[in-house]
Amino acid sequence: MSGVEDRFPRSAAAFQKALSGCWWEASASGTPPGWPCVRPPVREDDPPRSCGTWFLPWTPDRWPGGFPRERQAPNRSPRGGLWGHLAGAAPREHCPLPAALPGACPPGRGACPPGRGACPPGRGACPPGRGACPLIVLGSRCAPSDLPERALPLDPPCPPPFSQRCPARLHRCPPCTSHCLSPVDYETKAALRFPSSKSPCAYPQPCSCDISKDSLKVNLLKLECHFTWHLLKEDIDLFEVEETIGQQLKFPTTKSRLTLYNLLAYVKHLKGQNKEALECLKQAEVIIQHEHSDEKEVRSLVTWGNYAWVYYHMGQLKEAQKYIDKVENVCKKLSSPSNYKVECPVIDCEKGWALLKFGVKYYQKAKGVFEKALEAEPDNPEFNIGYATTMYRLDDFEREYSVKSFSLGPLRKAVTLNPDDAHIKVLLALKLQDVHAEAEGEKYIEEILDHTSAHPYVLRYAAKFYRRKNSWDKALELLKKALEAIPNSSFLHHQMGLCYKAQMIEIKTATCNRPKGKDKLKFDELITFAISHFKAAVEQDSKFVFAYIDLANMYAEGGQYRNAEDVFQKAFLLKNIADDNKYQIHFHYGRFQEFHQKSDSTAIHHYLEALKIKERSCLRPKLTNALRKLAYRTLRYNACDVQSLSALGFIHKMEGEKGKAAEYYEKAQKLDPENEEFLTALCELRLHI
């Protein structure tokens with residue numbers, strides 16, 4: 001042993017300095033940190049004389065409450081200092097010295113530390129997965145694999161240590177810690193001399209291995225959750241969406257409560273309410289435990305992803321990392337190609353509902369996501385409802401020359417798979433009404449109303465059915481009943497306004513636009529009712545384009561032109577709205593200018609802007625005729641009106657009459673030779689001619 005001892009500090013004080021701060025990482029099973037195997041010297045100036053006993057240091061932060069009785073040391077040293085500290089801990093196990101008893105533990109001394117494996121034959125114990133013993137131990141040596149053979153007097157090296165890298169001049173950061181290991185320096189002649197280029201790690205010191213916000217975000221962006229689905233707050237009215245989700249949680253709909261709470265957490269975050277977002281995610285976890293216990297891990301992936309992002313934005317990076325690790329563990333368990341996401345139709349379905357909630361700009365994406373989910377499970381009831389709902393909204397929004405019926409098949413299949421779901425049945429009834437099968441649709445409505453007492457989301461669509469049937473009294477009855485349950489619904493207020501508007505138009509038509517007497521009183525009353533409900537709809541949803549348009553038109557019908565102008569200007573200021581909505585605003589404002597303000601030039605400008613936004617539309621024939629009529633009428637009074645000439649050129653170009661289009665553009669270009677639009681149009685037309 002003398003040859004070995006010559007390589008070590010000769011006094012306990014020197015050895016204490018070498019040993020200072022040295023400790024083992026806890027194992028995955030939760031074993032507390034241990035200390036290298038040393039035995040206290042007999043005297044303070046004695047060198048440590050033997051090895052084999054493992055001690056666990058007791059400190060309040062590492063083992064609160066003290067050691068269990070069976071782990072307490074049978075004999076404690078009264079000495080202070082380092083050895084007193086070690087003596088105050090429980091001796092764990094006695095691994096053999098190779099020279100004394102290779103390959104076995106001494107009788108009566110117990111086994112090697114739990115979770116650290118057995119004593120390798122002819123050597124001391126190295127913790128599995130840990131790699132290197134951080135300190136030279138007497139009689140045996142566990143060391144990094146890059147140490148020279150002359151430093152290993154009794155046994156070969158342990159497996160390579162930690163794979164994680166340390167900053168410059170430091171070596172091997174242990175996983176899951178914020179410490180780096182620094183080179184050995186005993187400051188004594190007896191210390192081992194290692195090559196400077198391969199200095200091993202000896203004992204922990206604080207360093208900059210803490211979690212980096214930038215590196216954390218790289219992994220966050222790989223998660224599959226609301227924060228990575230590109231849902232922009234500019235595309236919705238946050239308060240209206242929050243209100244709607246709250247109503248749907250109060251009155252359960254087709255969407256699962258888990259989906260709604262995850263979505264509500266994201267909306268809360270967008271509003272800057274991260275603490276409230278965490279509360280929503282806690283509710284989502286409760287629902288997972290009670291309603292999805294059979295697939296708890298997969299259902300939790302979106303929730304954990306949202307947790308990680310919320311904590312990241314709150315600056316709690318360790319908490320964020322904790323949830324990233326949870327996602328990573330599940331992905332590995334399911335053998336996913338990615339460490340941070342799993343291809344799962346359940347997640348696709350949740351993503352589809354989130355996209356639908358963020359408005360028309362996301363409908364096509366939602367369609368693709370639900371189609372992907374159905375490829376995996378074609379007859380899944382929930383997936384079919386999501387896909388049918390998406391197709392219905394696309395049909396309703398993308399009308400051109402005729403009513404679309406792409407959603408009819410998906411709706412029928414969804415109803416077949418969900419015979420008790422009133423929400424999908426009422427959508428099927430409305431689609432049947434679209435395709436002139438109103439009688440069949442009404443049977444579904446009557447069946448729904450017989451079995452549904454007062455669910456506001458069913459009542460509102462049933463009211464829409466009766467409004468389109470011109471049964472306004474029945475529609476208003478159902479809408480009023482629904483408003484009692486959810487008085488802040490922008491949709492219900494808009495539907496109420498449309499009913500009053502339809503009744504107003506009926507009186508206007510019957511009196512040839514000249515209501516008198518009782519008709520005039522009723523006419524004015526209906527306008528007042530319609531304005532109040534359209535105004536409420538706009539107040540509840542600041543991005544409800546059609547509510548703005550209907551409100552402005554009602555003001556115009558009532559002769560309140562200044563109010564109408566103000567509402568139209570607010571509509572023009574709306575940001576991040578779909579081209580179809582911009583088209584509608586320009587078209588209706590053009591009509592307002594033509595029929596109420598008698599401003600043909602302004603009307604021509606906005607009609608032309610509408611056509612430039614979307615050349616194909618169900619309103620195109622009507623819009624084109626109105627624009628052509630105004631342009632010809634203007635040219636009769638002023639043959640050099642550039643705006644009218646360019647408008648006629650655009651119409652002929654759009655209709656494929658390139659010769660006539662070039663003729664009008666040439667006239668306009670002569671009057672305004674610097675106009676780039678006219679020059680570009682002429683060049684394109686001449687190339688084709």
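The structure presented is a predicted model; accordingly, all values stated were derived computationally and were not measured.

### Regarding the overall build of the protein chain
Now for step 1: Secondary structure summary: the protein chain contains 27 helices and 4 strands in total.
Now for step 2: Considering the protein chain as a whole, with its 689 residues, one finds that 53% of them fall into the buried category.
Now for step 3: For the protein chain, long-range pairs separated by at least 24 residues make up 57% of all intrachain contacts whose partners lie at least 6 apart in sequence.
Now for step 4: When the accessible surface of the protein chain is split by element, carbon and sulfur atoms take 51% of a total near 33,000 Å².

### Thoughts on the nonpolar core
Now for step 1: Counting residues in each nonpolar core, the largest one holds 136 residues, and the members touching the most others are L220, L223, L231, I245, F358 and I424.
Now for step 2: Looking at which element gives the most residues to this core, the answer is helix α8 (residues 296–313), with 10 residues.
Now for step 3: Setting aside residues up to four positions removed in sequence, F358 forms contacts with L231, L232, K233, D235, I236, L263, Y266 and L270.

### As for the environment of A537
Now for step 1: Relative to the helices and strands, A537 resides in helix α19 (residues 517–540).
Now for step 2: When the C-alpha positions of A537 and S489 are compared, they lie 7.4 Å apart, and in sequence the two are 48 residues distant.
Now for step 3: Excluding residues within four positions of it along the chain, A537 makes contact with S490, H493, H494, F544 and A547.

### Regarding the side chain of N675
Now for step 1: Counting through the fold element by element, N675 comes out in the loop between α26 (658–671) and α27 (676–688).
Now for step 2: Side-chain polar atoms of N675 contact the backbone nitrogen of E677, separated by 2.9 Å.

### A closer look at the packing of helix α23 (residues 600–613) against helix α24 (residues 620–637)
Now for step 1: Direction vectors running N to C along α23 and α24 enclose 145°, while the axes themselves pass 10 Å from each other. Seen from above, α23 lies across α24 with left-handed handedness. Together, D600, A603, I604, Y607, L608, A610 and L611 of α23 and R620, L623, T624, A626, L627, L630, A631, R633 and T634 of α24 make up the contact between the two elements.
Now for step 2: Here the contact of α23 with α24 is built from residues that sort into 11 nonpolar, 2 polar and 3 charged.

### Some remarks on the state of the cysteines
Now for step 1: The final tally for this structure, using the stated rule, is 0 disulfides.
Now for step 2: Residue C349 stays outside any disulfide, its sulfur separated by 10.0 Å from that of C344, the closest cysteine.

### Details of the pattern of salt bridges
Now for step 1: Taken as a whole, this structure holds 31 salt bridges when the rule is applied.
Now for step 2: Among the salt bridges present, the one from E557 reaches K508, with a minimum N-O distance of 3.0 Å. Residue E557 is found in helix α20 (residues 545–557), and its partner K508 is found in helix α18 (residues 490–510); the two are separated by 49 residues along the sequence.
Now for step 3: Of the residues examined, K508 reaches a relative accessible area of 22% and is grouped as partly exposed.
Now for step 4: With a shortest N-O distance of 3.4 Å, K520 and D524 are connected by a salt bridge. Here D524 and K520 lie together in helix α19, a separation of 4 residues that amounts to about one turn.
Now for step 5: Its relative accessible area of 35% is what places K520 among the partly exposed residues.
Now for step 6: Since its relative accessible area comes to 30%, D524 is described here as partly exposed.
Now for step 7: Connected through salt bridges with shared partners, the residues D395, K431, D434 and R468 form a single ionic network.

### Side note on the packing of aromatic side chains
Now for step 1: This model, assessed by the stated rule, comprises 19 aromatic pairs.
Now for step 2: A ring pair is formed by Y461 and F491, whose centres lie 5.5 Å apart and whose planes are at 55°; its orientation type is tilted. Of this pair, Y461 sits in helix α16 (residues 456–468) while F491 is found in helix α18, placing the two residues 30 residues apart along the sequence. Per residue, the accessibility class of Y461 equals that of F491, and both read buried.
Now for step 3: Taken together, the ring pairs connect F227, Y266, W309, Y312, F358 and Y362 into an aromatic cluster.
Now for step 4: Positioned above the aromatic ring of Y312, the side-chain terminus of K213 is 5.2 Å from the ring centre.
Now for step 5: When the ring centre of F491 is taken as reference, the NZ or CZ atom of R460 above it lies at 4.0 Å.

### Regarding unusual backbone geometry
Now for step 1: Here N513, not a glycine, exhibits a phi torsion of approximately 65°, which is positive.
Now for step 2: Structurally, N513 can be placed in the loop between α18 and α19.
Now for step 3: Given a relative accessible area of 53%, N513 falls into the exposed group.
Now for step 4: With phi around 55°, K598 is a residue other than glycine that occupies positive phi space.

### Quick notes on the environment of A631
Now for step 1: Residue placement: A631 occurs in helix α24.
Now for step 2: In this structure, the C-alpha to C-alpha distance between A631 and D600, residues 31 residues apart in sequence, is 8.4 Å.
Now for step 3: Not counting residues within four places of it along the chain, the set of residues in contact with A631 comprises I604, S644 and L648.

### Describing the environment of A530
Now for step 1: Positionally, A530 belongs in helix α19.
Now for step 2: Sequence separation of A530 and L551 is 21 residues, and the distance between their C-alpha atoms is 7.8 Å.
Now for step 3: Contacts of A530, omitting those with residues within four sequence positions, involve G497, Y500, K501 and M554.

### What about helix α4 (residues 213–220)?
Now for step 1: Listing the buried residues of α4 in full gives L216, N219 and L220. With its buried residues spanning 105° around the axis, α4 presents them on a single face.
Now for step 2: Buried-residue contacts for α4 involve α8 and α9 (317–333).
Now for step 3: By the N-cap criterion, in which a side-chain oxygen at the helix start approaches the backbone nitrogen of a residue two or three places on, α4 is capped by S212, the distance to D214 being 3.4 Å.

### Points about α18
Now for step 1: Between its terminal C-alpha atoms α18 stretches 30 Å, which fits the 30 Å expected from 21 residues at 1.5 Å a residue.
Now for step 2: For α18, the tally of buried residues reaches 15 of 21 residues, placing the bulk of the element in the interior.
Now for step 3: Directly after α18, the chain includes C512, whose backbone phi takes a positive value near 55°.

### Section: the confidence of the model for the protein chain
Now for step 1: For the protein chain, per-residue confidence averages 77 on the pLDDT scale, and residues scoring 70 or more make up 68% of the total.
Now for step 2: Here residues 1–209 is a poorly scored stretch, pLDDT under 50, and it has 373 contacts once near neighbours within four places are set aside; other chains count.

Cut-off values and rules
Residues numbered from 1 in each chain as written. Predicted model: local features only at pLDDT ≥ 70, side-chain atom pairs only at ≥ 80, totals over all residues. Heavy atoms only, no water. Helix = DSSP H or I, 4+ residues; strand = E, 2+ residues; numbered from the N terminus. Buried < 20%, exposed > 50% of the residue type's maximum accessible area, 1.4 Å probe, protein only. Contact = heavy atoms within 4.5 Å. Areas by Shrake-Rupley, 256 points an atom, 1.4 Å probe, with all protein chains shown as cover. Core = buried A, V, L, I, M, F, W, Y, C linked by side-chain atoms within 4.5 Å. Polar contact = N/O pair within 3.5 Å; in protein donor to acceptor, adjacent residues only side chain to side chain. Axes fitted to C-alpha atoms, helices over the stretch in contact; angles between N-to-C directions. Left-handed = near helix turned anticlockwise from the far one by under 90°. Nonpolar A, V, L, I, M, F, W, Y, C, P; charged D, E, K, R; others polar. Disulfide = S-S within 2.5 Å. Salt bridge = Lys/Arg side-chain N within 4 Å of Asp/Glu carboxyl O. Phe/Tyr/Trp six-rings, centres within 6.5 Å; stacked < 30°, edge-to-face > 60°. Lys NZ or Arg CZ within 6 Å of the ring centre and 35° of its normal. Arc of directions from axis to C-beta. Expected span 1.5 Å × (residues − 1). pLDDT = per-residue confidence, 0-100.

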